[in-house]
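Residue strings, one per chain:
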Amino acid sequence: MELSDREASLRHSVGKLSSNADDPDIVVNALTTIRAEIRTSPEGGAWVMKVCCFPAADVTPFPAPNASWSNRILTEHVCVCIPCLQAYLQTSPGFTDLLDLWDSHHVNNSHKVCVPLLCLVADMLRQPQVNDKTADSYVNLQLDGLARNILQRRMRSVYSHLTSGIRVRHNCALSLCASIAARNKQLTWELYRNFDFTLSTLTKLAMPPRTGVSLRQIGDRCRCGAQNAWGGLDPLTLSTREVYTEFVLSFFEAQDQALLCPVLARKVLLGNVLRFLACDSPCTIKRVLKFISDIVLSSDGNV
């Protein structure tokens, strides 16, 4: 499909989120389409974010794709897109369209919509931090605000997924929390302060899957094959334990030495990861052991 056709299709999907917000089937289809573009688009997640955020009439046409496509988007069109973002934020500040969907469908217990919605937000928050300071100011700051809004006002919904007893709901909530923690040091601290580590379900989430070796081998092949993919693996295809491990390790991605000891003191986190480590795939075991060697046991760790 041509880039212009894909852009038009993506904008159409974004429009459905507001025009058909009460129809779960249409909303789910739109969320799935947007998420697929974010995770697989050859132009990168930054292009998808701009298409989602900016009105079509206000955006200068993109140049023809080539090897430096994503870099050209992040540099040549920054100045053009800033007024577009300002206009967008006047009508939907802080991604209010997505948050309105969150509120309405969580109130109605429409988990058919809530699961892909949380996964989409998690993928958006995994948007790579670009080097351009102007781009940081109009994309990344808004994403940080979205993360803070969830931490301050919507964690009860996240807990409802974690305690649901349903794998996909567990995974979407854990993936969302991991994406928030992985953005920067400030959000890592805010998640640590706001998260309820006394939830009894956390130990259950860390348990290895009952299906045993076959699922671990499938997960290992997927993980090894997608290590370099933007946005990582799709949490809906993994066991809850694997996503839980990602959630725990996300607290250390910012490499904040001041947070290291408080997090290690929470036995429900790394303690549960290590407890069942022998049941994990080789890729997961290698990553966890490397983390312990590089961060916990390092001379700078003060542990």
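In case you missed it, the structure is sitting above this.
Report follows, based on the coordinates. Keep in mind the model is a prediction, meaning the values are calculated, not measured. (Residues numbered from 1 in each chain as written. Predicted model: local features only at pLDDT ≥ 70, side-chain atom pairs only at ≥ 80, totals over all residues. Heavy atoms only, no water.)

### Points about the overall build of the chain
So, point 1. Helix and strand counts for the chain stand at 17 helices and zero strands.
So, point 2. Look at the contacts in the chain between residues 6 or more apart in sequence, and 72% of them connect residues 24 or more apart.
So, point 3. As presented, the chain carries roughly 14300 Å² of accessible surface, and 53% of it is formed by carbon and sulfur atoms. (Helix = DSSP H or I, 4+ residues; strand = E, 2+ residues; numbered from the N terminus. Contact = heavy atoms within 4.5 Å. Areas by Shrake-Rupley, 256 points an atom, 1.4 Å probe, with all protein chains shown as cover.)

### Things to note about unusual backbone geometry
So, point 1. Although it is not a glycine, Gln255 sits at a positive phi angle of roughly 55 degrees.
So, point 2. Its place among the elements puts Gln255 in the loop between α14 (240-250) and α15 (257-265).
So, point 3. Its relative accessible area of 57% is what places Gln255 among the exposed residues. (Buried < 20%, exposed > 50% of the residue type's maximum accessible area, 1.4 Å probe, protein only.)

### Some remarks on the pattern of salt bridges
So, point 1. Summed over the entire model, instances satisfying the criterion amount to 11 salt bridges.
So, point 2. Residue Arg148 pairs with Glu190 through a salt bridge whose shortest N-O separation is 2.7 Å. Taken together, the residues span a long stretch of sequence, with Arg148 in helix α8 (residues 133-153) and Glu190 in helix α11 (residues 185-194) at a distance of 42 residues.
So, point 3. Note that Arg287 and Glu253 form a salt bridge whose closest N and O atoms lie 3.7 Å from each other. With Arg287 in helix α17 (residues 282-296) and Glu253 in the loop between α14 and α15, the pair connects residues that are 34 residues apart, well separated along the chain.
So, point 4. What makes Arg287 partly exposed here is its relative accessible area of 32%.
So, point 5. For Glu253, a relative accessible area of 36% corresponds to the partly exposed category.
So, point 6. When salt bridges with common partners are traced through the structure, they connect Arg126, Glu246, Glu253 and Arg287 into a single cluster. (Salt bridge = Lys/Arg side-chain N within 4 Å of Asp/Glu carboxyl O.)

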